Amino acid sequence: MSERCASCGTTVPPLVVVAVHHAGSGGGWTHRACRPCLVRERLIPLTFHPLRHDGTRLAYPEIVPGELVATLAPLGESPALAAPVGRLLAAVASTKDRTLDADQRHAAHDEARAAVARLRKAARQESGTARQPRADGASERDRPPHLTDQPHGHP
């Protein structure tokens, strides 16, 4: 059986594991998502879920802008994102702690915003590792093979 995106059904790689469904007497199912579905549904790869999470789909919190989610999707399960995503989820969880007083809650929101900035920085650095030098010494993102020998901006 070929792997499919659990949302749209595509088999076009890369597919990222986003959830697992445990079965009582069997191995269960693995849910995968394609890049467009990662962005549309704001899905966090299973690799980055908190250890005590139950394995269901987990979406990036609303504090993470859509453009950052779109930047993260092509990076998939990159190990460089594990720590920043973990700090983000912990920071967002602390903003929902009802036992905090107003100052502590304000500090928790500041930490969540800082966690988004750290995640953005990590994504930018990780995206930069996918750059290749061009013949003219400049740098650009990986381009499809049929476009690599053509000047930038020309068909």
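Just so it is clear, the structure is predicted and the values come from calculations on it, not from any experiment.

**Q** Outline the overall build of the chain, supporting the account with residue identities and numerical values.
**A** Within the chain, the regular secondary structure consists of 4 helices and 4 strands. If you list the helices and strands of the chain from N to C, you get β-β-α-α-α-α-β-β. When contacts within the chain are restricted to residue pairs at least 6 apart in sequence, those whose partners lie at least 24 apart make up 53%. Here the chain displays about 9900 Å² of accessible surface, and carbon together with sulfur accounts for 55% of that area.

**Q** So what's going on with the packing of helix α3 (residues 82–95) against helix α4 (residues 102–128)? Residues and values would help.
**A** Think of two packed helices as two axes; the pair is described by the angle between the axes and how far apart they sit. Across the interface, α3 lies against α4 with an axial gap of 8 Å and an inter-helix angle of 160°. As judged from the angle between their axes, α3 and α4 are roughly antiparallel. For the pair α3 and α4, the sense of crossing is left-handed. Along its contact with α3, which presents Pro84, Val85, Arg87, Leu88, Ala91, Val92, Ser94 and Thr95, the element α4 presents Arg105, Ala108, His109, Glu111, Ala112, Ala115, Val116, Arg118, Leu119 and Ala122. Of the residues in the contact of α3 with α4, the class split is 11 nonpolar, 3 polar and 4 charged.

**Q** Give a detailed account of the side chain of His49, specifying residues and quantitative values.
**A** For His49, the position within the fold is in the loop between α1 (35–40) and α2 (66–72). Classification of His49 as buried rests on a relative accessible area of 9%. Separated by 3.0 Å, the side chain of His49 and the backbone oxygen of Ile44 make a polar contact. Among all residues touching His49, those that are not within four sequence positions of it are Val18, Ile44, Thr56, Arg57 and Leu58.

**Q** Tell me about α4, and please be specific about residues and values.
**A** When the terminal C-alpha atoms of α4 are compared, their 39 Å separation across 27 residues agrees well with the 39 Å that a helix rising 1.5 Å per residue should span. What α4 keeps buried is the set Ala108, Ala112, Ala115, Val116, Leu119, Ala122, Ala123 and Ser127. One side-chain oxygen at the N-terminal end of α4 lies 3.1 Å from the backbone nitrogen of Asp103; it belongs to Asp101.

**Q** Quick rundown of unusual backbone geometry? Include the residues and the values.
**A** In this chain, Pro13 is followed by Pro14 through a cis amide linkage whose omega measures 0°. Relative to the helices and strands, Pro14 resides in the segment before β1 (16–21). The phi torsion at Arg42 lies on the positive side, around 60°, for a residue other than glycine. Locating Arg42 in the fold gives a position in the loop between α1 and α2. On the basis of relative accessibility, which here comes to 15%, the residue Arg42 falls in the buried class.

**Q** Describe the state of the cysteines, and please don't skip the residues or the numbers.
**A** Under the criterion given, the structure shown has 0 disulfides. Here Cys34 stays free of any disulfide, with the sulfur of Cys37 as its closest cysteine sulfur at 3.6 Å. Cys34 gets classed as buried once you look at its relative accessible area, which sits at 5%.

Calculation notes
- Residues numbered from 1 in each chain as written.
- Predicted model: local features only at pLDDT ≥ 70, side-chain atom pairs only at ≥ 80, totals over all residues.
- Heavy atoms only, no water.
- Helix = DSSP H or I, 4+ residues; strand = E, 2+ residues; numbered from the N terminus.
- Contact = heavy atoms within 4.5 Å.
- Areas by Shrake-Rupley, 256 points an atom, 1.4 Å probe, with all protein chains shown as cover.
- Axes fitted to C-alpha atoms, helices over the stretch in contact; angles between N-to-C directions.
- Parallel < 35°, antiparallel > 145°, perpendicular 65-115°, else oblique.
- Left-handed = near helix turned anticlockwise from the far one by under 90°.
- Nonpolar A, V, L, I, M, F, W, Y, C, P; charged D, E, K, R; others polar.
- Buried < 20%, exposed > 50% of the residue type's maximum accessible area, 1.4 Å probe, protein only.
- Polar contact = N/O pair within 3.5 Å; in protein donor to acceptor, adjacent residues only side chain to side chain.
- Expected span 1.5 Å × (residues − 1).
- Disulfide = S-S within 2.5 Å.

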